[in-house]
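Each chain, written out:
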Amino acid sequence: MIRILYRPPDGSFRTDLTVDDLPVCLAEPDGLLWLDLSGVPSGEAEPLLLGVFDFHPLAIDDALQENHTPKLDNWGSYLYLVFRTIVLGPTLAGEEIEAPELDVFLGENYLVTYHAPSFEPLDRVWETTQLDERHLTEGPDHVLYRLVDEIATDDAHALERIDQALDEIEIEIFRRAKTTTLESIFDLKRALLRLRRYLGPQRGVLSQLARDDFPMIDPTDRIFFRDVYDHLVRLTDLTDSLRDLVAGAMETYLSVTNNRMNDVMKTLTIITTLFM
């Protein structure tokens, strides 16, 4: 699905434009163009990114291959950025953990996003900008800030769910550990490892946006990126703390299991002795 949101200099945004209207929108330096490519096949997206926006083929190739860690590439007149977010399934099982990728091209008067059919943080920002035009008055870099802020919010919610699940597992260990308890611990460990793998590079990207001098980032907006960076620092520290707690839960599980096994062996020894 191709979605286009355009705000001309007069301030009244439009969503009824087509791909053929993009060159005219790009020619207006004071306008704001947001092109969102949601689940668009690479064969359809590549000619658009190359022919209309004249992005470098290497940047386009990176965007069309969803297997990158968060990063920032400066191509002079635009930035190419990659972000990730963690999506947990209902039961936090290992096979339900996903990390969808968001590829972004940021110019001085446009924002191009490319992602899989479902990327909830972006969908929320897209709906919000249409409800309140003020979100578009501060330029595409501010829209990017809102995107990364929503991604950080989702990551925080994922960590909250993991924290709650860990509390339930600890209670379960002391009450009556089951065979599925160890599987749940490994699922939490896997989720935290995957989240930590993306939080570190993503924090580095936000650090660059907050401190480096890019022409497409307004100096007044750097403080907003710095705020998201601070959030990611706290999330990284929380992830490390939860990993230590998960390791402690695993040791406690093994200790409790061994103690129960020893009690069983003592009981069997007493019974065997009496029979003898």
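Whatever comes next refers back to the structure up there.
Residues numbered from 1 in each chain as written. Predicted model: local features only at pLDDT ≥ 70, side-chain atom pairs only at ≥ 80, totals over all residues. Heavy atoms only, no water.

Peer 1: Which residues make up the side chain of Arg-146, and what values go with them?
Peer 2: Tracing the backbone through its elements, the reader meets Arg-146 in helix 5 (residues 140-176). Residues within four places of Arg-146 in sequence aside, it is in contact with Val-125, Thr-128 and His-135. (Helix = DSSP H or I, 4+ residues; strand = E, 2+ residues; numbered from the N terminus. Contact = heavy atoms within 4.5 Å.)

Peer 1: Give me the pairing of strand 3 (residues 71-74): which residues, what numbers.
Peer 2: Taken residue by residue, a regular strand's side chains alternate between the two faces of the sheet. Sheet topology note: the strand 3/strand 4 (residues 79-84) ladder contains 4 bridges and is antiparallel. Looking at strand 4, one finds that Lys-71 is bridged to Val-82. (Pairing = 2+ DSSP bridges.)

Peer 1: Could you give an account of helix 3 (residues 57-64), naming the residues involved and the relevant values?
Peer 2: Turning to helix 3, its buried residues number three or more, namely Ala-59, Ile-60, Asp-62, Ala-63 and Leu-64. Against helix 2 (42-51), strand 3, strand 4, strand 5 (101-106) and strand 6 (110-115) lie the buried residues of helix 3. (Buried < 20%, exposed > 50% of the residue type's maximum accessible area, 1.4 Å probe, protein only.)

Peer 1: Outline the layout of surface pockets, supporting the account with residue identities and numerical values.
Peer 2: A volume near 320 Å³ is recorded for the largest pocket. Those elements that place two or more of their residues in the lining of the largest pocket are helix 4 (120-131) and helix 5. Per element, the largest residue contribution to the lining of the largest pocket is 4 residues, and it comes from helix 5. Across the lining of the largest pocket, the residue classes break down as 8 nonpolar, 3 polar and 4 charged. (1 Å grid on protein atoms, 1.4 Å probe; cavity = no way out; pocket = protein on both sides within 12 Å on 5 of 7 lines; lining within 4 Å. Points joined across faces, edges and corners; volume = space filled by probe spheres on them. Nonpolar A, V, L, I, M, F, W, Y, C, P; charged D, E, K, R; others polar.)

Peer 1: Run through the nonpolar core, naming residues and quoting values.
Peer 2: In this structure, Leu-81, Phe-83, Leu-144 and Leu-209 are the most contacted members of the largest nonpolar core, which totals 59 residues. Going through the elements one at a time, strand 2 (32-38), strand 4, strand 5, helix 4, helix 5, helix 6 (179-211) and helix 7 (222-275) are the ones with two or more residues in this core. Per-element accounting of this core gives the leading share, 14 residues, to helix 5. Contact partners of Leu-144, with chain neighbours within four places excluded, come to Leu-81, Phe-83, Val-104, Leu-106, Leu-111, Leu-209 and Phe-225. Within the second largest apolar cluster, 25 residues are counted, among which are Leu-33, Leu-35, Ala-45 and Leu-64. (Core = buried A, V, L, I, M, F, W, Y, C linked by side-chain atoms within 4.5 Å.)

Keep in mind that these numbers describe shape and distance, not what the molecule does.
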